[in-house]
Amino acid sequence: MVFAYLIATIGLVQGLKFMGDPARAKLGNMLAAASVLVALVALVIATGWSHLANVFLLVALLAVGTFIGNIWSNRVAMTEMPQLVSIFNALGGACAVVLGLNAVYGMGTPVDTKLLGSVLILANLFGGVAFTGSMVAYLKLDGRKLPRPAPVQKVLARISLALLLIASVYYLVMPSDAGFYPTLLLAISIVALLYGVFLTLPIGGADMPVLISLLNALTGVATMMAGLLFREPVMIIGGILVGATGVLLTLQMCVAMNRSLAGVLAGKFAGSGSAKPEGEQDIRSITAVETASMLAFSKQVAVVPGYGMAVAQAQRECFALQEMLKQSDVDLHFIIHPVAGRMPGHMNVLLAEANIPYASVKEMSEVNNTMEHYDTVLVIGANDVVNPAAENDPDSIIYGMPIIRAHKAKQVIVMKRSMAKGYSGAVNTLFDRQNCKVLFGDAKESLEAIINELKRI
Amino acid sequence: MDLSYSITPIDGIFVLALSLLLGFEVIKNIPAVLHTPLMSGSNAISGIIIFGGITQLLNTPLDHGWTLAAASLAVLLGAINLAGGFFVTHRMLSMFVVKKKTNKPSKP
């Protein structure tokens, strides 16, 4: 068993490492899955030999779970990937809570040291927040009707957080033989579940990449804590790896928005009062036909996709446009902002689904200093990430956020459904620029119109 | 032969500290393209919490109905997380790989 665990541990770490390399990522995923399987079989053989009936039940449950997981993962459209990841994450968190409570109420696992007691409390705390937090995140991502963000939620969130802290500290100072540990654990779990809801409710759409990474990290930490409780090194290592991934991604996303984690969790841009007074913006609109001819006369074109592209399901039209332009020797790149979409890397997955070659997808930092080489930049369903105010207007609430310098290109065409503002509510000064035009309408329909026009040319 | 083994909580904390450092090292430089698969993959790995459920399930006598039911629920939740996570990551990564193969010949 020790040997199997050793293999599994090495496999997990190596698998995760491979997942950071585009060429070997698929192998890495399979390696990680195989490692878990090896460790799982070893665990069952080591503990289950004497309880064969339980093993049958276990195998049945595993089969059902795998079956459900498989169906679910195959049914979901790529645009809905953030929802799916949230749901799976919620299940992991729920699992942690059930395990913790069952350990004390059902199994009578001895919690004889403060260390074990604290570990169990933390496992349930993180698991509980991850569970309800991910469920709320799922509902938000899925566009369900939820209570509108209200100040009362923030107050409730603070109260629950304070309760959790008090309960944890109380546990540390109370005498070990006090008999109400199970009650305390149950109370902490319940408050943690509530906290997950209050924490997540006020967080807005564009902050979802941060939130999802954070919730992922929480489940990882819960798993790690459970690993300490069950004394399973594979669980500890697996949990830590997940926690580290989640924390790193969370921080990267925060940096990409120039916002602190606390600011994101507070739910809104801090200085929302400092937005410029509404000036009449002088907007030049353009038709699909004009856009098509502009594209046809360009040499270098870039598309900046945002969440709006995902909503309009326009990724296949993007691919078709790229193919069309290739025939007339126009090179089309895609430039992706780190926080575009609703989870880290969301846009990359959508473009990959539409068969867009990896080589034509650029990260913001790769091309941002050479934006003037692009003759035309098409902004599809993105707003704040191309707002030049972030660079040159210290009064703007998004000042300091790294942006894609679309305004440096010779021509910019922004596809929009309406003049609604971006997530931050900041006035987008891109529209004031002489080289910027707006193509109103649904992104998918507009792209289709452009492609049809290009066919005629 | 005794196949089982156990570590003390203190051993566990050593494992924790070392793997924490390792974890950050391993994932430090991941390109943005792979963020989503990395996330769903690591999400799947956190489904390893199922091991706790398995331990509970296998050590519960069959007549302890509620305990058994809770452990079964934990196993089921964990299994969906684990299997679903790996499947969906595989599906995503397949899109990346297939695309590369088909595009290389068509490039020139």
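Please read these numbers as outputs of a predicted model, since none were measured by experiment.

**Q** Any details on the packing of helix H4 (residues 81-106) of chain A against helix H5 (residues 114-141) of chain A? Residues and values, ideally.
**A** Residues and elements named next belong to chain A. H5 packs onto H4 with a crossing angle of 150° between their chain directions and a minimal axis gap of 7 Å. Classified by the interaxial angle, the pair formed by H4 and H5 is roughly antiparallel. Viewed along their axes, H4 and H5 form a crossing whose handedness is left-handed.

**Q** Describe unusual backbone geometry, with residues and values.
**A** All names here are of chain A. A positive phi angle, close to 55°, is found at Arg-231, a residue other than glycine. Here Arg-231 is to be found in the loop between helix H8 (208-230) and helix H9 (233-257). On the basis of relative accessibility, which here comes to 31%, the residue Arg-231 falls in the partly exposed class.

**Q** Run through the packing of H5 of chain A against helix H6 (residues 151-173) of chain A, naming residues and quoting values.
**A** To characterise two packed helices, one gives the angle between the axes of the helices and the distance between these axes. Residues and elements named next belong to chain A. Viewed as axis vectors pointing N to C, H5 and H6 meet at an angle of 165°, and their least axial separation amounts to 10 Å. The orientation of H5 with respect to H6, classified from their angle, is roughly antiparallel. Of the two elements, H5 crosses H6, and the hand of that crossing is right-handed. Contacts between H5 and H6 pair Lys-114, Gly-117, Ser-118, Ile-121 and Leu-125 from the former with Leu-164, Ser-168, Tyr-171 and Leu-172 from the latter. Within the contact of H5 with H6, the residues separate by chemical class into 5 nonpolar, 3 polar and 1 charged.

**Q** An account of the pattern of salt bridges is needed here, citing residue identities and associated values.
**A** Residues and elements named next belong to chain A. Considering all chains together, one arrives at 5 salt bridges over all chains under this definition. Arg-24 is paired through a salt bridge with Asp-21; the nearest N and O atoms lie 3.0 Å apart. The exposure class assigned to Asp-21 is partly exposed, which follows from its relative accessible area of 25%. Across the pair Glu-323 and Lys-326 runs a salt bridge, and its minimum N-O distance is 3.4 Å. Placement of both Glu-323 and Lys-326 in helix H13 (residues 315-327) is noted, with a separation of 3 residues, approximately one turn of the helix.

**Q** Which residues make up the sheet that holds strand S2 (residues 331-336) of chain A, and what are the values?
**A** To summarise the sheet geometry, strands pair through backbone hydrogen bonds and adopt either a parallel or an antiparallel arrangement. Residue and element names in this part refer to chain A. Across the sheet, 6 strands lie side by side as S3-S2-S1-S4-S5-S6; this open sheet has parallel pairing. Here the strands that pair on one side only, and so sit at the sheet edges, are strand S3 (361-363) and strand S6 (436-440). Adjacent strand axes in the sheet meet at a mean angle of 25° when their direction is disregarded. Strands in contact with helix H11 (residues 288-296) are strand S1 (300-305), strand S4 (376-380), strand S5 (411-416) and S6; relative to S4, the strand with the most contacts, it is inclined by about 135°. Against the sheet, H13 engages S2 and S4, with an angle of about 150° to S2.

**Q** Break down the confidence of the model for chain B for me, with residues and values.
**A** Residues and elements named next belong to chain B. On average, residues of chain B score 79 in pLDDT, and 83% of them reach the 70 mark or higher. Predicted confidence is poor over residues 99-108, with pLDDT under 50, and the contacts of this stretch with residues over four places away or in other chains come to 11 contacts. ipTM for the predicted complex: 0.84, alongside a pTM of 0.84.

**Q** For the pairing of S5 of chain A, give the residues involved together with the corresponding values.
**A** All names here are of chain A. Counting buried positions over the 6 residues of S5 gives 5, a clear majority of the element. Summarising the sheet, S5 and S6 pair through 5 bridges and their orientation is parallel. Along S6, the bridge assignment pairs Met-415 with Leu-439.

**Q** Requested: an account of the interface of chain A and chain B, with residues and values cited.
**A** Opposite the 109 residues of chain A that make contact, chain B presents 83 residues. Summing both sides of the interface, chain A and chain B together bury roughly 8,700 Å²; the carbon and sulfur share of this comes to 77%. Counting the contacts that link chain A with chain B gives 0 salt bridges. Within the residue set of the side of chain A that touches chain B, elements represented by two or more residues are helix H1 (2-18), helix H2 (25-48), helix H3 (52-75), H4, H5, H8, H9 and helix H14 (346-353) of chain A. The dominant element in the side of chain A that touches chain B, judged by the number of residues it contributes, is H3 of chain A, at 17 residues. Split into classes, the residues belonging to the side of chain A that touches chain B amount to 73 nonpolar, 28 polar and 8 charged.

**Q** Describe H3 of chain A, and please don't skip the residues or the numbers.
**A** Taking 1.5 Å as the rise per residue, H3 of chain A with 24 residues should run 34 Å; its terminal C-alpha atoms sit 35 Å apart, in good agreement. Regarding H3 of chain A, the residues found buried are Asn-54, Val-55, Leu-58, Leu-61, Leu-62, Gly-65, Gly-69 and Ser-73 of chain A.

**Q** Go over the nonpolar core, please, and point to the residues and values.
**A** If you look at the biggest cluster of nonpolar residues, it comprises 156 residues, and the most contacted ones within it are Leu-321 and Ile-450 of chain A together with Ile-50, Phe-51 and Ile-54 of chain B. In terms of residue count, helix H4 (residues 65-106) of chain B provides more of this core than any other element does, 15 residues in total. Not counting residues up to four positions away in its chain, the partners in contact with Phe-51 of chain B are Tyr-5, Val-36, Ala-39, Leu-40, Leu-43, Val-234 and Met-235 of chain A. In terms of nonpolar packing, the next biggest core, distinct from the first, is built from 27 residues, Val-367, Val-377, Ala-382 and Ala-390 of chain A among them.

**Q** Give me the lowdown on the environment of Met-347 of chain A, citing residues and values where you can.
**A** All names here are of chain A. Mapped onto the fold, Met-347 is located in helix H14. Its relative accessible area of 1% is what places Met-347 among the buried residues. Sequence-wise, Met-347 and Ile-336 are 11 residues apart; in three dimensions their C-alpha atoms are separated by 7.1 Å. Filtering out sequence-adjacent residues up to four positions away, Met-347 remains in contact with Pro-305, Gly-306, Tyr-307, Met-309, Ala-310, Ile-336, Ala-340 and Gly-341.

**Q** Pulling in residues and values, what's your account of the packing of aromatic side chains?
**A** Considering all chains together, one arrives at 2 aromatic pairs over all chains under this definition. Its guanidinium or amino end placed over the ring of Tyr-307 of chain A, Arg-342 of chain A lies 3.6 Å from that ring's centre, counting from NZ or CZ.

**Q** An account of a nonpolar patch on the surface is requested, with residue identities and associated values reported.
**A** All names here are of chain A. There is a patch of nonpolar side chains on the surface, built from Phe-3, Leu-6, Ile-7, Ile-10 and Val-38 and spanning about 490 Å² of accessible area. If you tally residues by element for the nonpolar patch, the top one is H1, at 4 residues. Its location among the elements puts Ile-10 in helix H1.

**Q** Summarise the side chain of Thr-200 of chain A; cite the residues concerned and give the values.
**A** Residue and element names in this part refer to chain A. If you trace the backbone, Thr-200 turns up in helix H7 (residues 181-200). A residue is classified by how much of its surface remains accessible, and Thr-200, at 0% relative accessible area, is buried. Engagement of the side chain of Thr-200 in a polar contact is seen with the backbone oxygen of Gly-196, the distance being 2.5 Å. Ignoring any residue separated from it by four or fewer positions in sequence, one finds Thr-200 in contact with Gly-133, Val-136, Ala-137, Lys-140 and Leu-211.

Procedures and definitions
Position numbers for residues start from 1 in each chain and track the written sequence from start to end. Lettering of chains starts at A and numbering of ligands starts at 1, both following the order in which they are written. Confidence filtering applies because this is a predicted model: local features only for residues at pLDDT of at least 70, side-chain atom pairs given and counted only at 80 or more, and all residues used for totals across whole chains, interfaces and linings. Hydrogen atoms and water are omitted, and side-chain values are computed over all heavy atoms in the structure. To obtain an axis, a line is fitted to C-alpha atoms, over the contacting stretch when the element is a helix, and the angle between two such axes runs from 0 to 180 degrees between their N-to-C directions. Secondary structure elements follow DSSP: runs of H or I no shorter than four residues count as helices, runs of E no shorter than two count as strands, and numbering proceeds from the N terminus. Under this scheme an angle from 65 to 115 degrees is roughly perpendicular, one under 35 degrees roughly parallel, and one over 145 degrees roughly antiparallel; angles in between are oblique. Whether a crossing is left-handed or right-handed is set by the direction in which the near helix is turned from the far one by less than a right angle, anticlockwise for left-handed and clockwise for right-handed. Here's how the labels work: a residue is buried when its accessible area is under 20% of the maximum for its type, exposed when over 50%, partly exposed in between, all with a 1.4 Å probe on protein chains only. Residue contacts follow a heavy-atom distance rule, with two residues in contact if any of their heavy atoms lie within 4.5 Å. In this count, Pro and Cys sit with the nonpolar residues alongside Ala, Val, Leu, Ile, Met, Phe, Trp and Tyr, while Asp, Glu, Lys and Arg are called charged and the others, Gly among them, polar. We count a salt bridge whenever a side-chain nitrogen from Lys or Arg sits within 4 Å of a carboxyl oxygen from Asp or Glu. We call two strands paired when DSSP finds no fewer than two bridges between them. As a per-residue quantity, pLDDT reports the predictor's confidence and falls between 0 and 100. We define buried area as the total accessible area lost by two parts upon association, computed with a 1.4 Å probe and summed across both. Take the residue count of a helix, subtract one, and multiply by 1.5 Å to get its expected span. By nonpolar core is meant a set of buried Ala, Val, Leu, Ile, Met, Phe, Trp, Tyr and Cys residues that side-chain atoms within 4.5 Å join together. Under the pairing criterion, centres of Phe, Tyr and Trp rings, with the six-membered ring standing for Trp, must be within 6.5 Å; the plane angle then separates stacked pairs below 30 degrees from edge-to-face pairs above 60, leaving the rest tilted. For a lysine, the NZ atom is tested; for an arginine, the CZ atom; a charge sits over a ring if that atom is within 6 Å of the ring centre and within 35 degrees of the ring normal. Patch membership requires over 30% relative accessible area and the absence of a salt bridge. Like charges are linked within 9 Å, and nonpolar side chains (Val, Leu, Ile, Met, Phe, Trp, Tyr) within 5 Å. Using the Shrake-Rupley algorithm and a 1.4 Å probe, accessible areas are obtained, with residue cover drawn only from the displayed protein chains. In protein, a polar contact requires one atom able to donate a hydrogen and another able to accept it; more generally it is a pair of N or O atoms within 3.5 Å, and residues adjacent in sequence count only if both atoms are side-chain atoms.

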